[in-house]
Structure formats: structure tokens, C-alpha cells
Amino acid sequence: MSYPSLSEFDIIFAGGGSTACVVAGRLAACDPSLRILVLEGGQHTLNKAEHVQPYQYVTHQAPTSTTMSFNIGSPSPHLNGRAPIVHCAHCVGGGSSVNFMNYTRSPASDFDDWGVDGWESKNLIPLMKKLETYEVQADRPTHGYNGPIKVSTGGCKLAISEDFIRVGTEYHKRPFSDDSNDLETCNTYSPWFKYIDGTIGTRSDAAHHYVYNQAHNPNLQIWVGKRVKRVIFEDTRAVGVEFTDDPMSCPDADLSSSTVRASKLVVVSAGAFGSPAILERSGIGAEAILKRCDIQQLVDLPGVGENYRDHNIVVVPYFVADEVITMDRLWRGEENVLQEHLARWKSNKKSLIAQNGSDAKIKWRPDDEELKAMGSTFEPRWKEFFQDRPEKAVAIFSVFAGYLGPSSLPPRNYMTAEITTLYPVCVGSVHIKLGEDGKEDIDFTTGYLDDPSDIVPLNFGYKKLREISRRMSSYRGEVAALHPRFPEGSAAVCREATGPTDLNAPDIIYTAEDDEAIERFHRDNTQTGWHSLGTCAMKSRADKGVVDARLNVYGVTNLKVADLSIVPEIVGTNTYSTALLVGEKAAMIIAEDLGIEYRP
């Protein structure tokens, strides 16, 4: 998309992530004469193998990655003094270009819980259907079949995942369901479908399917390597943005500022970290935050940067049998294996190239026996939020056929068990501040595990997932160095094994010391779910909201926010589905505001 640069557009998007691509693409398709500019700090992803080949998603997690930025939180006593690191996409398409591609959707009640007019589930379900082509099952009433985003089983089935479902249904005594993303079903062992095009075997991201496919339209422009510094106002009307070269994408640039004007609308769409920062640099936020950064306040909006929410994840690896197919050899870059799978992928799109390694999950709710084992600390949270809402899962349990993690391990076959808590109580914040060198820095508190109830499902989930894993036919023991360090002589000590435990064998009995080791491990290792949201919340201004139901920023005109930062409450899902949904709703709202015919 190389076109003559304009000095004025109709609409400017400050950020080119998943939601921005949806909104910009939908509006351009509705009215190709609209002059739309997307400013993105990262680089293009168009047809790049690391973005379109599904198996390569792990490369974006590397510390040297330039497609992700790394936000360092404040050290927390609840994380044993650790400073958590939260990843955030830094490329066109945002998270949709780098995520794990797990297809998960919230229960419909999550949206009703927001209590925001026009955002009830009855109004959103048609948009959920509009955005997807659900390739795996026909005639499902809550799924769509003609949308830009493809959902499939991926390139091939993995025996590890099939075994996970077998053990889950037989040992864990939960039923099987072929669709736990129908907006209400949970507590069943189910296939885990993917945002992968089943026909061509590529990632189904927002960039390629909403904006890159409109390269013929010179009025839709994407400028990469551009960091939006602030919104420009005339009185309280947004009329443009000031931007610089992005220091991460353009490390040798001089960072001098440029401006570009918007005649109709500015949309801040830089995510849960970027959007509140842009607003604060623009003089919109809490007085104390702005004053310490020597920024003149335009609007007193103390909710900016507050209400940070995320999911908590813990992963632990296991050894699996040598003959089992895993992603490990591909992820290690073994050339002969890579070329074999690339050849098959180019031929029929049905190899591990079109896989993410996980084909199964359970959106888990504890039964009465499990609740008793979890103890009294979790009981108030259960009764207040979960007990009478059977569609709300406490966590997702899943396994990946391969090792997901930062440490290098010997070249063997692995399986990674993952626990993701879906509705943690913890709330954090993210603001700008000046560092000791006078340059802008981040003041970030995650809130992870601050509430005593949040660690309980992780502790119990570790034990339950370990019992499931050790009954799987491919199991060959724990990778002890990356599990809790149990006391010597404990029945819970981790070690290699020659084969699985019998399905009907008794569970491991954990002592009080063992439980302390598990909790210590989780405080040392709990990490982000890569699902940051909520920092420009769509709430009333009195409730520390930042935008109203039509995404307008309070106190100014011609300025909206459209990304996951507007989501007011945590949602029980991998959040790509939510980002797409926010984009579809935002496109509808903006089209209505501008008097553009919106094609449903």
C-alpha cells in the first residue's frame, strides 16, 4: 500500500492492531471514498511467513522479538518480589498477527454483565456470526458461515490432544461436547478449533482479511513505524494527531514530530497499554498523573489507565514418548523436518505448519468434591460469582503437543500443560511517568494474585492437570526443573517415568509442605494471559469510565477509543474473539455517526 502521502484524512486510527484493522476495513468497504489513515508503530505483516504460517507463532515470544513489545510491571510481594513482564503485539494486525490462534468465545452473559446499552449479547451475536466462517460444523445457530475470519481444525489432528479428551472424560468424569464455544456450554472436554484457514492453511488474522485485501483502494493507507504521541485538539475537538518514528521499529530515526489532520474523527486504537498513554499525553486523565509528567490537563478523567485486567496462566512441561508427534522438532528448527512439513503444506495445506499444537481443552468448573478440596479461601468468590452461573468457567485446562516456554530443554518430545484462569479478581493500572533520565516510562501494576482467591484455581489446577497428564498414554514423567520443588521424600516429587499411571490409580497425596511448594511455584511463575484489557473502560464517567456506549471519550468531541481497552470487565475467553467483536461494533457505530450506509 504505497500511495502519495496526504496531510489530511477523514479518519485517523492511532494504532493498527486487530480492532483497528476491522474498523478501518469495514468502513473502507462501505465507503471507498473515505480517506482513512492507520498509524502503526510496528511493521507490516503482509505475506510474511512468521505471521501467516501458524506454527511460527512461538517465534514472537522470544525476548529478541520486534513484533512484540514487553511491558515491565512493578515488583509485587504477591509474586515473591518479581516484576512481571506483559507482552503486547507491535505490528500491523496486532495480536491477531502473533497470537496462539486459539478459537474461544465468551459466554453471552459476559456481555450482558457489562450493563452497557447497545452492547447486550442479543445485539452482539449477529456481529459474532458476521465476522466468522465456521468451517468445522454446519448449521450451528450461534456461528457464522460467510465472514472474513476462518475457523478450522488446523492442518492435522494430534494424538496427544485426543488422549487428553479420553482421559478427561474417563478419569475426570466430565462429558464430551463437540462445541464449547456456542456461548453457553462449559465444563466439557472439547476440541479446540483455531483461527486458521482450513483451505489454505494460513493464520486467519485481521490484517490480511480486513485491510490488506483492500490494497486497491488508495484512500485506505497504513503508515508503519509511526508512534502516535498525542491527539491534537482545537478547543475540545480532536482534529488530528502528532506522531514520530517508532523507536523500536526505527532505532536510528531522529524522532522529530510530524502531524496529520482528521476532518471527521480520530480513533485511538493502540491497545490496553498504548491507548491510555496516548490519552494521557494528550491531557486527558487524572490530574496527579499528568502533573508529574508536566502535561497540561484538558479533561479530568481519572479512569484513564485504571481497571487493567488480564488472565493468569501457568504452564508446566512433561516428557512424552519418542514416537509421539509433537511440534518440538519444528519449533527447534530441525531443517529436515521443517522441509518435509513445508513441502506437504505447500502441496495440500495439511501438515504441522498449519498447527498450533493444541487440539483440546476444557472450560472447567469444579464439582462439589473439587470445591471442598480447594478450601475456604475460594468459597466466597465461588458463591458470589460462579455458583448460580453455570455458563461461567473458572479456568481453561489444556495441553500443547510440544514445549512452550522460555528455557532451552534437551532435544526430546514434550507436552505442555496449561492452566488459564478466566475471571481473576485482580485489577491493576497502567500510566505514563517520567523516568530518572527525564524520558517517558511506564508505571504499571498488574495486580496478579493480589486477591487471595486468585491463586486457588491455579494450585488445584496444577494437581488435576498433573493427574490427567500422568494417565495419558504418551506420558513419560515431569520435567522436574520446571515444576514445583517438592521436599525430598515427598510422594509428589517430580521425576521421569517409563509409562503412564493406570487410569484407576489413586491420586497423589500432597502434604502441607507440598502445597506450600505449589503456591511458591505459582507466585514465582504465574504470567500474563496476553489478554490485557479495560484501561479505557466503557463505563459511566462517575464509575471511572473513559468512553460512553458509542465509544466517545468523555469531555471532548470527534475522539473515540476502539480496542480491548474499552472492555469494562474481564471476559472468559482468549480475547482475539472480543477484539474482532469490538471492531465490528465500532464500525457500525462510526458508520451511523457519519451517515454511511453500513452493510450488515
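All figures in this text were calculated on a predicted structure; none of them were measured in a lab.

### Topic: the pattern of salt bridges
In step 1: Within this structure, the stated rule accounts for 38 salt bridges.
In step 2: A salt bridge links R166 to E170; the shortest N-O distance between them is 3.8 Å. Of the two residues, R166 and E170 are both situated in helix α5 (residues 159-170); the distance of four residues between them amounts to about one turn of the helix.
In step 3: Given a relative accessible area of 31%, R166 falls into the partly exposed group.
In step 4: The exposure class assigned to E170 is partly exposed, which follows from its relative accessible area of 37%.

### Concerning unusual backbone geometry
In step 1: The backbone phi angle of K173 is positive, close to 60°, even though this residue is not glycine.
In step 2: One can find K173 in the loop between α5 and β7 (189-191).
In step 3: Given a relative accessible area of 62%, K173 falls into the exposed group.
In step 4: Not every positive phi belongs to a glycine, and L255 is a case in point at roughly 65°.
In step 5: Note on placement: L255 falls in the loop between β10 (237-245) and β11 (258-268).
In step 6: Among the residues examined, L255 registers a relative accessible area of 39% and is labelled partly exposed.

### Considerations on the environment of L404
In step 1: Relative to the assigned elements, L404 resides in the loop between β16 (395-400) and β17 (414-421).
In step 2: Placed 89 residues apart in sequence, L404 and V315 show a C-alpha to C-alpha distance of 7.6 Å.

### Observations concerning the packing of helix α4 (residues 121-131) against helix α15 (residues 576-594)
In step 1: At their nearest, the axes of α4 and α15 sit 9 Å apart, and the two run at 110° to each other. Judged by the angle between their axes, α4 and α15 are roughly perpendicular. Two secondary-structure elements touch here, α4 through L124, L127, M128, K130 and L131 and α15 through L580, L581, E584, K585 and M588.
In step 2: Partitioning the contact of α4 with α15 into residue classes produces seven nonpolar, no polar and three charged.

### Considering the packing of aromatic side chains
In step 1: Taken as a whole, this structure holds 29 aromatic pairs when the rule is applied.
In step 2: Ring geometry for F100 and F400: centres 6.0 Å apart, planes at 85°, overall edge-to-face. In this pair, F100 is assigned in the loop between β4 (85-89) and α3 (108-114) and F400 in strand β16, connecting sequence segments 300 residues apart. Exposure class is identical for F100 and F400. Each is buried.
In step 3: Each residue in the set Y103, Y134, Y145, F193, Y195 and Y576 is aromatic and connected to the rest through ring pairs, giving one cluster.

### Notes on the packing of helix α1 (residues 18-30) against α15
In step 1: Here α1 crosses α15 at 35°, and the two axes come no closer than 8 Å. Considering only the axes of α1 and α15, their crossing is right-handed. Contacts from S18, T19, V22, V23, R26 and L27 of α1 reach α15 at Y576, A579, L580, V582, G583, E584, A586, A587, I590 and A591.
In step 2: Of the residues that constitute the contact of α1 with α15, the class distribution is 11 nonpolar, three polar and two charged.

### Digging into α5
In step 1: Taking 1.5 Å per residue, 12 residues should reach 16 Å; α5 reaches 16 Å between its end C-alpha atoms and fits that length.
In step 2: Within α5, burial applies to I160, S161, D163, F164, I165, V167 and G168.
In step 3: Considering only its buried residues, α5 is in contact with β7, β14 (312-320), β15 (360-364), β16, β17 and α13 (456-470).

### Looking at α4
In step 1: Every buried residue of α4 is accounted for by S121, L124, L127, M128, K130 and L131.
In step 2: Check the buried side of α4 and you find it contacts α1, α3, β5 (132-134), β6 (149-151), α6 (206-211) and α15.

Definitions and cut-offs
Residues numbered from 1 in each chain as written. Predicted model: local features only at pLDDT ≥ 70, side-chain atom pairs only at ≥ 80, totals over all residues. Heavy atoms only, no water. Salt bridge = Lys/Arg side-chain N within 4 Å of Asp/Glu carboxyl O. Helix = DSSP H or I, 4+ residues; strand = E, 2+ residues; numbered from the N terminus. Buried < 20%, exposed > 50% of the residue type's maximum accessible area, 1.4 Å probe, protein only. Axes fitted to C-alpha atoms, helices over the stretch in contact; angles between N-to-C directions. Parallel < 35°, antiparallel > 145°, perpendicular 65-115°, else oblique. Contact = heavy atoms within 4.5 Å. Nonpolar A, V, L, I, M, F, W, Y, C, P; charged D, E, K, R; others polar. Phe/Tyr/Trp six-rings, centres within 6.5 Å; stacked < 30°, edge-to-face > 60°. Left-handed = near helix turned anticlockwise from the far one by under 90°. Expected span 1.5 Å × (residues − 1).

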